[in-house]
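Analysis of the macromolecular model
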Amino acid sequence: MLILAEEHNPIIPIWQEIVVGGIAFLILCFVLMKFVFPRMEETFRARVDAIEGGIKRAEEAQAEANQLLQQYKEQLAEARTEAARIRDEARADAAGIREDILAKAREESDRIIAAGRDALQTERQTIVRQLRAEIGSLAVDLAGRIVGESLEEEARRRGTVERFLAEIGEDGGAGVGTGGRR
């Protein structure tokens, strides 16, 4: 009997080791499923929500910018329509007064168009500055979240955003027909 107990087949594990290993494996699986996997899922969900929220805010800002651009185009069209109406009324006047009224109407339409263009240009510049600042801030926040680093250092962020906006300004003039994309 003693000889049989000492001779153990190395291919077949000892049943006590199988039981202890199985219990340890079950405990490990329980700990992973109870604590680790839910925490990983929460972290993943939070990151996805943050990224989707940043994209949604950027899309909303873009939609608002497009709406404002359309509104300014409509206002410019109205100003041009108003100028044309004034010129048509001047042509309908009597021949004797016609030249005086026509000159006044042209001066008035030029003034209205110039004032409208000046106001439109000023508003456009203001809105572009506001949108660039907001888009720059959103881009820095989004890039920080994606990269996993904090980009909130004010001097560094200002320099990066200003360089980015300057590049957009340069590309915007060159790529008018392509929407500023290369």
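These figures come from a predicted structure and were not determined experimentally.

Topic: the overall build of the protein
From N to C terminus, the protein includes four helices and zero strands. When the helices and strands of the protein are listed from N to C terminus, the series reads α-α-α-α. Every one of the 182 residues in the protein was classed for burial, and the buried ones make up 12%. Sequence-distant contacts, at least 24 apart, represent 52% of the contacts inside the protein between residues at least 6 apart. Working note: accessible area of the protein is about 14700 Å², and carbon and sulfur atoms make up 59% of it.

Things to note about the environment of Ala84
With respect to the helices, strands and loops of the structure, Ala84 is situated in helix 2 (residues 15–92). Relative accessible area serves as the criterion here: at 27%, Ala84 is assigned to the partly exposed category. Sequence separation between Ala84 and Ser109 is 25 residues, and the spatial gap between their C-alpha atoms is 8.0 Å.

Observations regarding the pattern of salt bridges
Applying the stated rule across the entire model yields three salt bridges. Across the salt bridge formed by Arg85 and Glu82, the nearest N and O atoms sit 2.3 Å from each other. With Arg85 and Glu82 both in helix 2 and three residues apart, this pair spans about one turn of that helix. The exposure class assigned to Glu82 is partly exposed, which follows from its relative accessible area of 31%.

Observations regarding the UniProt feature "coiled-coil region" (unreviewed entry) in the protein
Feature annotation in UniProt assigns "coiled-coil region" (unreviewed entry) to the following positions: residues 51–89. Taken end to end, residues 51–89 is 100% helix and 0% strand, and its two terminal C-alpha atoms sit 57 Å from one another.

Observations concerning the confidence of the model for the protein
On average, residues of the protein score 80 in pLDDT, and 80% of them are at 70 or above. When pLDDT is averaged over each element of the protein, helix 2 comes out on top at 90 and helix 1 (residues 2–6) at the bottom at 49. Note on residues 175–182: pLDDT under 50 across the span, and three contacts to partners over four residues away in sequence or across chains.

A word on the side chain of Ser109
Along the chain, Ser109 turns up in helix 3 (residues 95–147). Among the residues examined, Ser109 registers a relative accessible area of 1% and is labelled buried. Excluding its chain neighbours within four sequence positions, the residues that come into contact with Ser109 are Ala83 and Arg87.

Definitions and limits used
- Residues numbered from 1 in each chain as written.
- Predicted model: local features only at pLDDT ≥ 70, side-chain atom pairs only at ≥ 80, totals over all residues.
- Heavy atoms only, no water.
- Helix = DSSP H or I, 4+ residues; strand = E, 2+ residues; numbered from the N terminus.
- Buried < 20%, exposed > 50% of the residue type's maximum accessible area, 1.4 Å probe, protein only.
- Contact = heavy atoms within 4.5 Å.
- Areas by Shrake-Rupley, 256 points an atom, 1.4 Å probe, with all protein chains shown as cover.
- Salt bridge = Lys/Arg side-chain N within 4 Å of Asp/Glu carboxyl O.
- UniProt positions renumbered as here; feature names shortened; annotations may be inferred.
- pLDDT = per-residue confidence, 0-100.

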